[in-house]
Amino acid sequence: MGGLMLFGVSLLGTAYAATGCTNNTVQGTYTVMVTSANFQNLITAANGSTGSTGSTGSTGSTGSTGSTGSTGSTGSTGSTGSTGATGNNGQAGFGNNSSSLSGAISGLGSYYFDGNGNIIGASSAVGANSPIGSYSVNADCSGTMKLNAGQTYDTVVTNQGTRILFIETDAAGAGSTGEFDRSIGACSPITSTATYGFEFFGSTPTTTGSTGSTGSTGSTGSTGSTGSTGSTGSTGSTGSTGSTGSTGSTGSTGSTGSTGSTGSTGSTGSTGSTGSTGSTTTTFHPYSGVGILTLSPSGFTVTGWGSQNGTVSSFTSSGTYTLGYNCGLQFTFAPSTSGTSTGGFSAPAALSGIQVNTTGGVISLKTSSNTVITGQYFAQ
């Protein structure tokens, strides 16, 4: 009995212990999802680096023209509120990377691990797939990754190499996290209708800028003084009447009137004051949902329930899509149905995805505030 108990304990320990990993444990095509993409957006917004533009202060009015004097100067334009910097949308290394085999998709990507420590991606520079980084796996299934662009990661390999968890360790990554899932290397067009359940969760920031104050009106230029009147020329004397036969003498010429003095110049109107800069305020709203995604040879339909601004409402949208050979999905909403809902939930500004295998894949949504939210879909 004691021997059997020890044997059972030994089996239990073996089942949960690492069986030993090498670089060869990680081999094949992997789809990546940056699970912290939306959270990174919110941190950036909360720290104040995202802010909408304060409104422009109105133009100070023009000072009126003094008569004869110079024109009053124009009041200066109220200054424009400064533009808040754009958040990075959680794009860190593997997400939205132009070297992804599935194309650049916000928060998602696809890469090939060759089993020898090389990460293979698409390279436009050489016109073919080539190494874009490297990886190393330890015996305890921990490891590291490094991209040629400079990003570095600590990793954990799970489920015999079918899933890899990572955290970005370089200063620019700010602790971005995510996962790789071993996936199919190529996809074929969908020839029959397939349905999937999907879910996503995140939040969107809204930043409101206040109006800049109006620049003050420039003062009126003063009136120039009137020039003085020139004096009247004197009258010439009358010539005397000559006796018969002789000509009378000529009357003398009147003197010239003096020139009037020049009117003085009017003073310059004062400059209008500068309008104040508009302030910014950021608030956050939930943006999440679950539903059913239907893919057919002619297009797609999504129906479900979404949370926006604290209210859950049903929604229905449809349109067309493309599924590339590299398994990248691009959805285009029909204008007549984009954002249709019975409550207040609006469709995302953009929807993309990657087909991981026949049982599902990952999706990426971009909201109207340019925030990235990632999620998953599963075959029904």
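This write-up is about the structure you can find in this document.

Reading the values: rules and limits
- Residues numbered from 1 in each chain as written.
- Predicted model: local features only at pLDDT ≥ 70, side-chain atom pairs only at ≥ 80, totals over all residues.
- Heavy atoms only, no water.
- Buried < 20%, exposed > 50% of the residue type's maximum accessible area, 1.4 Å probe, protein only.
- Helix = DSSP H or I, 4+ residues; strand = E, 2+ residues; numbered from the N terminus.
- Pairing = 2+ DSSP bridges.
- Axes fitted to C-alpha atoms, helices over the stretch in contact; angles between N-to-C directions.
- Phe/Tyr/Trp six-rings, centres within 6.5 Å; stacked < 30°, edge-to-face > 60°.
- Contact = heavy atoms within 4.5 Å.
- Patch = residues over 30% accessible without salt bridge, like charges linked within 9 Å, V, L, I, M, F, W, Y side chains within 5 Å.
- Areas by Shrake-Rupley, 256 points an atom, 1.4 Å probe, with all protein chains shown as cover.
- Salt bridge = Lys/Arg side-chain N within 4 Å of Asp/Glu carboxyl O.
- 1 Å grid on protein atoms, 1.4 Å probe; cavity = no way out; pocket = protein on both sides within 12 Å on 5 of 7 lines; lining within 4 Å.
- Points joined across faces, edges and corners; volume = space filled by probe spheres on them.
- Nonpolar A, V, L, I, M, F, W, Y, C, P; charged D, E, K, R; others polar.
- Core = buried A, V, L, I, M, F, W, Y, C linked by side-chain atoms within 4.5 Å.

Let us look at the pairing of strand S1 (residues 27-33). By the criterion of burial, S1 is predominantly enclosed, with six of the seven residues buried. Here seven bridges tie S1 to strand S2 (residues 108-114), and the two strands are oriented antiparallel to one another. Looking across to S2, one finds that Thr 29 is bridged to Tyr 112. Pairing geometry for S1 and strand S8 (residues 177-182), over four bridges, is antiparallel. Note on S8: the bridge partner recorded for Val 32 is Phe 180.

So, about the environment of Gln 40. Locating Gln 40 in the fold gives a position in helix H2 (residues 37-46). You can call Gln 40 buried: its relative accessible area is 9%. Taking the C-alpha atoms as reference points, Gln 40 and Gly 173, separated by 133 residues in sequence, lie 9.4 Å from one another.

All right, on to unusual backbone geometry then. The phi dihedral of Asn 96 falls on the positive side, at around 55 degrees, and the residue is not glycine. Checked against the element boundaries, Asn 96 lands in the loop between H2 and S2. Asn 96 gets classed as partly exposed once you look at its relative accessible area, which sits at 34%. Of note, the phi angle at Asn 309 is positive, near 60 degrees, even though the residue is not glycine.

A word on the sheet that holds strand S5 (residues 142-147). Strand order around the closed barrel formed by eight strands is S1-S2-S3-S4-S5-S6-S7-S8, with antiparallel pairing between neighbours. Between one strand axis and the next, the sheet turns through 30 degrees on average, direction left out of account. In the sheet, S5 pairs with strand S6 (residues 152-158) via five bridges, with the strands oriented antiparallel. Following the sheet pairing, Lys 146 is matched in S6 by Thr 152.

This part takes up H2. For the α-helix, the turn length of 3.6 residues means that residues three or four positions removed from each other point alike. Where burial is concerned, most of H2 is hidden: seven out of the ten residues are buried. Within the sequence span of H2, burial applies to Ala 37, Asn 38, Gln 40, Asn 41, Leu 42, Thr 44 and Ala 45.

According to the stated counting rule, one finds 17 aromatic pairs in the structure shown. For the pair Tyr 153 and Phe 166, a centre-to-centre distance of 5.5 Å together with 90 degrees between the ring planes defines the contact as edge-to-face. Highlighted residues: Tyr 153 in strand S6 and Phe 166 in strand S7 (residues 163-168), separated in sequence by 13 residues. Both rings, one in Phe 300 and one in Phe 331, keep their centres 5.0 Å apart while their planes meet at 80 degrees; by these two values the pair is edge-to-face. Linking Phe 300 in strand S12 (residues 299-308) with Phe 331 in strand S14 (residues 328-333), this pair joins segments that are 31 residues apart in sequence. Accessibility classification places Phe 300 together with Phe 331 in one group, the buried group. One aromatic cluster in this structure is built from Tyr 30, Phe 94, Tyr 111, Phe 113, Tyr 135, Tyr 153, Phe 166 and Phe 180.

In this section: the side chain of Thr 29. Assignment of secondary structure puts Thr 29 in strand S1. The exposure class assigned to Thr 29 is buried, which follows from its relative accessible area of 13%. Beyond its immediate chain neighbours, meaning those up to four positions away, Thr 29 contacts Ser 110, Tyr 111, Tyr 112, Asp 181, Arg 182, Ser 183, Ile 184 and Gly 185.

Relative to strand S13 (residues 311-323), S12 runs antiparallel, the two sharing nine bridges. From the neighbouring strand, Val 302 faces S13, where its bridge partner is Ser 317. Counted between consecutive antiparallel strands, the loop separating S12 from S13 contains two residues, among which Asn 309 sits at a positive phi close to 60 degrees. Linking two consecutive strands that pair antiparallel, namely S13 and S14, is a turn of four residues; a positive phi of about 75 degrees is found at Cys 327 within it.

Nonpolar side chains collect at one region of the surface, where Val 290, Trp 305 and Val 312 lie side by side and expose about 330 Å² of accessible area between them. With respect to the secondary-structure elements, Trp 305 resides in strand S12. The class of Trp 305 is exposed, set by a relative accessible area of 53%.

Moving on, we get to empty space enclosed by the protein. Applying the stated criterion across every chain, the model contains two cavities of 30 Å³ or more. Here the second largest cavity is characterised by a volume of approximately 30 Å³. Val 26, Tyr 135, Ser 136, Val 137, Thr 144, Met 145, Thr 155, Val 157 and Ile 164 are the residues that line the second largest cavity. Elements represented by at least two residues in the lining of the second largest cavity include exactly strand S4 (128-137), S5 and S6. Looking at the lining of the second largest cavity element by element, the count peaks at three residues for S4. Of the residues in the lining of the second largest cavity, the class split is six nonpolar, three polar and no charged.

A separate point is the nonpolar core. Counting residues in hydrophobic clusters, the biggest one holds 30 residues, and the most contacted among them are Phe 198, Leu 293, Leu 295, Phe 300, Tyr 321 and Phe 331. For this core, the secondary structure elements donating two or more residues are strand S9 (194-200), strand S11 (280-296), S12, S13, S14, strand S15 (350-357), strand S16 (360-366) and strand S17 (372-379). Discounting chain neighbours no more than four positions away, the residues touching Leu 295 are Ile 190, Ser 192, Thr 193, Ala 194, Tyr 196, Phe 300, Tyr 321 and Phe 331.

Honestly, it's all geometry; don't read function into it.
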